[in-house]
Amino acid sequence: MYSLNGKVAMVTGAARGIGAASAQALAANGAAVVICDLLDDAAEETVAAITDKGGRASYFRTDVSDSASVQSAIRHAEDTFGPLDIAHNNAGTFHPAPLADLADADWARVINVNLTGVFLCMKYQLQSMVPRGTGAIVNTASVWSMAGAPTQAAYAASKHGVVGLTKTAALDYGAAGVRINAVAPGPIATAMTAAVPTDVMNSIVGRTAAGRYGQPDEVGQAVAWLCSDQASYVNGALLPVDGGWLAS
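The residue numbers shown here count from 1 along each chain, following its written sequence. Owing to the predicted nature of the model, reporting of local features is limited to residues with pLDDT of at least 70; listing and counting of side-chain atom pairs is limited to 80 or more, with chain, interface and lining totals taken over all residues. Here the side-chain values reflect all heavy atoms present in the structure, with hydrogen atoms and water set aside.

## Things to note about the UniProt feature "domain: Ketoreductase" (unreviewed entry) in the protein chain
- The sites that UniProt annotates as "domain: Ketoreductase" (unreviewed entry) are residues 7-198.
- Only DSSP runs of H or I with at least four residues qualify as helices, and only runs of E with at least two residues qualify as strands; both kinds are numbered from the N terminus onward. What you have in residues 7-198 is 47% helix and 18% strand, and the ends, taken at the C-alpha atoms, are 40 Å apart. UniProt positions are given in the numbering used here, feature names are shortened, and annotations may be inferred rather than shown by experiment.

The structure is reproduced here in structure tokens:
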């Protein structure tokens, strides 16, 4: 357990999967959490999972690719719980297709959510954190941030971009007291991986040292640690949570 008592956090893509697990891990360690997503019913379930255990949580419908929506989410966090201390920028999507067959609109949608969404969230989160000289931001990258992924040109490009944004922002704002890191999940049992053909996922899982899918909570716990004071000298890092996939 890491003490996050008195901290205020926002988590995007928090209705289910990694985001929901992260939000619950942060809340279990004492943070008040704003659940940001577009899946209303699932997001409210995440809120209930936190409040039923005595935690503090609120849902705010958020489109991370829209600047005004992101700013409104941060204002909601501040108005509901207080100044923002922690953020996990996790919202993401994908569209499989060989590069030459990838429609312009599908490319734009993946980039807008996965990369521009992280840029917009960090931009306004930093404007809230920097004046107070404190803050911790974690972005969700991927093992595909460090490798090519067949039929995943948009996804891999967006996640490579997330790593570049993370490292650059860490250099820009480390002296201001804000730490910015990223996690790189491998094959995690989520709705996104469930949409990938079984033979493809079996091949990916088979490459891990663990020989199994990871669980969303295993990523959520890594995020909670990165946001805690126990990771106070960790900045600009990319932490694989991949069961040893990158080691193979």
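Anyway, onward from the coordinates.
## A look at the packing of aromatic side chains
- Only Phe, Tyr and Trp rings take part, Trp by its six-membered ring, and two of them pair if their centres are within 6.5 Å. Stacked means planes under 30 degrees apart, edge-to-face means over 60, and tilted covers everything else. For the coordinates displayed, the defined rule picks out one aromatic pair.
- With 5.1 Å between their ring centres and 75 degrees between their planes, Trp 144 and Trp 245 make a pair best called edge-to-face. Here the residue Trp 144 occupies a position in the loop between strand 5 (135-140) and helix 5 (153-173), and Trp 245 occupies one in the segment after strand 7 (238-241), the gap between them amounting to 101 residues.
- Three exposure classes are used, based on accessible area relative to the maximum for each residue type with a 1.4 Å probe and protein chains only: buried under 20%, partly exposed in between, and exposed over 50%. Judged by relative accessible area, which is 16%, Trp 144 ranks as buried.

## Some points on helix 2 (residues 40-51)
- End to end, helix 2 covers 16 Å across 12 residues, agreeing with the expected 16 Å (1.5 Å per residue, within 8%).
- Taken together, the buried positions of helix 2 are occupied by Ala 43, Thr 46, Val 47 and Ile 50. Considered in projection along helix 2, the buried side chains sweep an arc of 100 degrees and stay on one side of the axis. The exposed residues of helix 2 that point more than 90 degrees off its buried face are Asp 41 and Glu 45.
- The contact criterion used throughout is that any non-hydrogen atoms of two residues lie within 4.5 Å. Elements that come into contact with the buried residues of helix 2 comprise helix 1 (17-28), strand 2 (32-37) and strand 3 (57-61). An expected span of 1.5 Å times one less than the residue number is assigned to each helix. Each C-beta atom gives one direction from the helix axis, and the arc is the one those directions make.

## A look at the sheet that holds strand 6 (residues 178-185)
- Strand pairing requires that DSSP identify at least two bridges connecting the strands. Reading across from one edge, 3-2-1-4-5-6-7 is the order of the seven strands in this open sheet, with parallel pairing throughout. With one partner strand each, in any of the chains shown, strand 3 and strand 7 form the two edges of the open sheet. Ignoring strand direction, the axes of neighbouring strands in this sheet form an average angle of 20 degrees.
- Where strand 5 and strand 6 come together, six bridges link them in parallel fashion. Where helices are involved, their axes are fitted lines through C-alpha atoms of the stretch in contact, as for all axes, and angles between N-to-C directions lie from 0 to 180°.

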